[in-house]
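# Tertiary structure, described
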Amino acid sequence: KQEVTQIPAALSVPEGENLVLNCSFTDSAIYNLQWFRQDPGKGLTSLLLIQSSQREQTSGRLNASLDKSSGRSTLYIAASQPGDSATYLCAVYNQGGKLIFGQGTELSVKP
Amino acid sequence: NAGVTQTPKFRVLKTGQSMTLLCAQDMNHEYMYWYRQDPGMGLRLIHYSVGEGTTAKGEVPDGYNVSRLKKQNFLLGLESAAPSQTSVYFCASRRPLAQGGETQYFGPGTRLLVL
């Protein structure tokens, strides 16, 4: 059974700092991996989608990497801003298109 | 293009009452999903549908039923609500690979409190 773990559960950093969020999964037979952002009381917004054949994806200040063999993905946020404060969720697509979610990392960026 | 919408946004039920949550999408997606989100548990799949007229069980289906009579709508029903079903419910639809890469679009959520 696929399990997705995110570490740390919560993170607080000063504005301007670069940071890394970690995601690990137990079954490397994934279709792809997706990072989401969730603001308090809101739904999920897709940030980056990495196909299983890819090693990384970039969007603005965000960079996500994927290492299937080790069962790991990282989300790198450069020059963090208070507006980046949110919960970041990692999810893997198994065969059949089902998403398995991690529990999320709650990020707080202090001005 | 409204994306994925959910009705209602918030509801309070008494134990034993029934209700239906409505999800609608205007992107012509075949696949739709219902999740629940609980503190410390992440999002868990309740039921899903791969097309009009189809439904399938997810990870935590007990106590819920679903119907997909129309492609754009996916209904989640609670026949006899229990306090353990207090949660935030999210609906999602999936964009297929051929349309720019698989990704799921989420609705804003329905907060349900069962007393």
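Coordinates for the structure precede this section.
Report follows, based on the coordinates. Just so you know, these numbers come straight off a predicted model, no measurement behind them. (Residues numbered from 1 in each chain as written. Chains lettered and ligands numbered in written order. Predicted model: local features only at pLDDT ≥ 70, side-chain atom pairs only at ≥ 80, totals over all residues. Heavy atoms only, no water.)

## A few points about the overall build of chain A
On a plain count of helices and strands, chain A comes out with zero helices and 11 strands. Reading chain A from its N end, one meets helices and strands in the order β-β-β-β-β-β-β-β-β-β-β. On C-alpha atoms alone, chain A measures out to a radius of gyration of 13 Å, which is about the 13 Å that the 2.2 N^0.38 rule sets for 111 residues. Judged by the C-alpha coordinates and their principal axes, chain A covers about 40 × 25 × 20 Å. Among the 111 residues that make up chain A, the fraction classed as buried is 43%. Relative to all contacts within chain A whose residues are 6 or more apart in sequence, the contacts with residues 24 or more apart total 53%. Just so you have it, chain A exposes about 5200 Å², and 47% of that area is on carbon and sulfur atoms. Distance from the positive charge centre (9 side chains) to the negative charge centre (9 side chains) of chain A: 5 Å. (Helix = DSSP H or I, 4+ residues; strand = E, 2+ residues; numbered from the N terminus. Rg over C-alpha atoms; globule rule 2.2 N^0.38 Å. Buried < 20%, exposed > 50% of the residue type's maximum accessible area, 1.4 Å probe, protein only. Contact = heavy atoms within 4.5 Å. Areas by Shrake-Rupley, 256 points an atom, 1.4 Å probe, with all protein chains shown as cover. Lys, Arg positive; Asp, Glu negative; His and termini not counted. Charge placed at Lys NZ, Arg CZ, Asp CG, Glu CD.)

## Some thoughts on the interface of chain B and chain A
With 23 residues of chain B at the interface, the matching set in chain A holds 22 residues. Across the chain B/chain A interface, buried area totals approximately 1600 Å², and carbon plus sulfur atoms make up 52% of it. Its largest share of buried area at the contact with chain A, chain B owes to Leu43, Glu102 and Phe106 of chain B, together 30% of the area lost on that side. On inspection of chain B and its partner chain A, the count reaches one salt bridge. Residue Glu59 of chain B is joined to Lys1 of chain A by a salt bridge in which the shortest nitrogen-to-oxygen separation is 3.9 Å. Those elements that place two or more of their residues in the side of chain B that touches chain A are strand E4 (31–38), strand E5 (42–49), strand E9 (87–95) and strand E10 (103–106) of chain B. (Buried area = accessible area lost by both parts, 1.4 Å probe. Salt bridge = Lys/Arg side-chain N within 4 Å of Asp/Glu carboxyl O.)

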